[in-house]
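Take a look at the letters that make up each chain.
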Amino acid sequence: MVVERKKKSLISVSSVIYLLFAICLILGVCGRFYPEIGEKLRTVIEGSAESPVREAFGVLTEGLGKNEDVKDVLSRSYEVLRD
Amino acid sequence: LKRLKISFSFLAMLCFLTWLNWKLCFVFLLSVAVHECGHLLVMKIWRIPIEEIAIGMDGVKIRSGVMGGGVEICCALAGPLSGLILAIFTMRLYPQIAVISTMLSIVNMLPIYPLDGGRILQAILCMYVNDNSVRRIINTVTWVVCSFLMLLSCWLAIVLQAGLWPIAVTLVLLCRVSNRE
């Protein structure tokens, strides 16, 4: 019973891993040979350029790079996320 | 170290991440390497034999000899701590490394079992309650945190238009949870 359950769990885990593997492979091939489709896929995965998450990441890295106060930079990125 | 295993799924993931954003991929790999070096350093100090290092799509797994509760906690803490030290040193010069390394440390400190936070929680619980209760508590906490993470990643993807990557990260974490030994 336990062995059977372990086998089933192993099969489900390996199928998820191989599904992800296949997606990676397909996306990789699309990106290499069909750049237009690749660009669209990239936007779907990375999110839009105006996404608050990307903006907040930008504010955070830019602020830290400019030697600004960490607290200020963090609160500004939080504001971007909240808006 | 007796065995180093690198799976094909990891190589596929690496190709995909490089295509997506090679700079961020490099920064992420660097953060992961420093994180794992933290674990390995503590194991070396405590002279714990390392049997296998497996690098896969769901992260790096270090299989080692038996550890006591205290050593397990130190070893689990060493990874996120080394990530935070890297973040402090690179904060002004390479802020991207600092942010990604901090995020990696935070994710690893979540109380999900095969992750560092889950290992610390398990080691602490083992000191106070019996094995069955430990397993039950760990499973419940893992289930609650994973459900919350999935909801959070869906919210990030749909409401904040962050793309599909938060969902992909959560799926990788779920893979890791279901693949635990």
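As a reminder, the structure under discussion sits directly above these lines.
One structure accompanies this document, and this report is about it. (Residues numbered from 1 in each chain as written. Chains lettered and ligands numbered in written order. Predicted model: local features only at pLDDT ≥ 70, side-chain atom pairs only at ≥ 80, totals over all residues. Heavy atoms only, no water.)

### Considering the interface of chain B and chain A
Often the size quoted for an interface is simply the accessible area lost on bringing the parts together. To keep it simple, the criterion reads: What makes two residues a contact is simply this: any of their non-hydrogen atoms within 4.5 Å. Buried area is calculated as the accessible area (1.4 Å probe) missing from two parts once they are joined, with the contributions of both summed. A side-chain nitrogen of Lys or Arg and a carboxyl oxygen of Asp or Glu constitute a salt bridge if their distance falls within 4 Å. For the purposes of these results, a polar contact is taken to be a pair of N or O atoms within 3.5 Å, where, inside protein, one atom must be able to donate a hydrogen and its partner to accept one; residues adjacent in sequence count only when each atom of the pair is a side-chain atom. Numbering goes from the N terminus for both helices and strands, where a helix is a DSSP run of H or I of at least four residues and a strand is a run of E of at least two. Three classes are used, and their members are as follows: Ala, Val, Leu, Ile, Met, Phe, Trp, Tyr, Cys and Pro are nonpolar, Asp, Glu, Lys and Arg are charged, and the others, Gly among them, are polar.
Taken residue by residue, the interface counts 26 residues in chain B and 30 residues in chain A. Around 2600 Å² of area is buried between chain B and chain A when both sides are counted, 73% of it from carbon and sulfur atoms. At the junction of chain B and chain A, the tally comes to zero salt bridges. Counting across the interface, chain B meets chain A through nine residue pairs in polar contact (both at pLDDT 80 or more). Where the side of chain B that touches chain A is concerned, the elements lending two or more residues are helix H1 (8–45), helix H3 (95–108) and helix H6 (165–178) of chain B. Among the elements that line the side of chain B that touches chain A, the one with the most residues is H1 of chain B, at nine residues. Residues that form the side of chain B that touches chain A fall into these classes: 18 nonpolar, seven polar and one charged.

### A look at the pairing of strand S3 (residues 59–64) of chain B
Residues and elements named next belong to chain B. Under the convention used in this document: Strand pairing is assigned whenever DSSP identifies at least 2 bridges connecting the two strands.
Here strand S2 (residues 50–56) pairs with S3 via six bridges, running antiparallel. Its bridge partner being in S3, Ala 54 is matched across the sheet by Lys 61. From the end of S2 to the start of S3, which pair antiparallel, there are two residues.

### Things to note about the sheet that holds strand S1 (residues 3–6) of chain B
All names here are of chain B. Threshold: Comment: axis = line fitted to C-alpha atoms, over the contacting stretch for helices; angle = value between 0 and 180 degrees taken between N-to-C directions.
Strand order in this open sheet of three strands is S1-S2-S3, and the pairing throughout is mixed. Each edge of the open sheet carries a strand with a single partner, namely S1 and S3. Along the sheet, successive strands turn relative to each other by an average axial angle of 10 degrees, direction set aside. As paired elements, S1 and S2 share four bridges and run parallel to each other. Paired with Leu 4 across the strands is Ile 53, a residue of S2. Most of the contacts of H1 go to S3, to which it runs at about 30 degrees, and overall it touches S1, S2 and S3.

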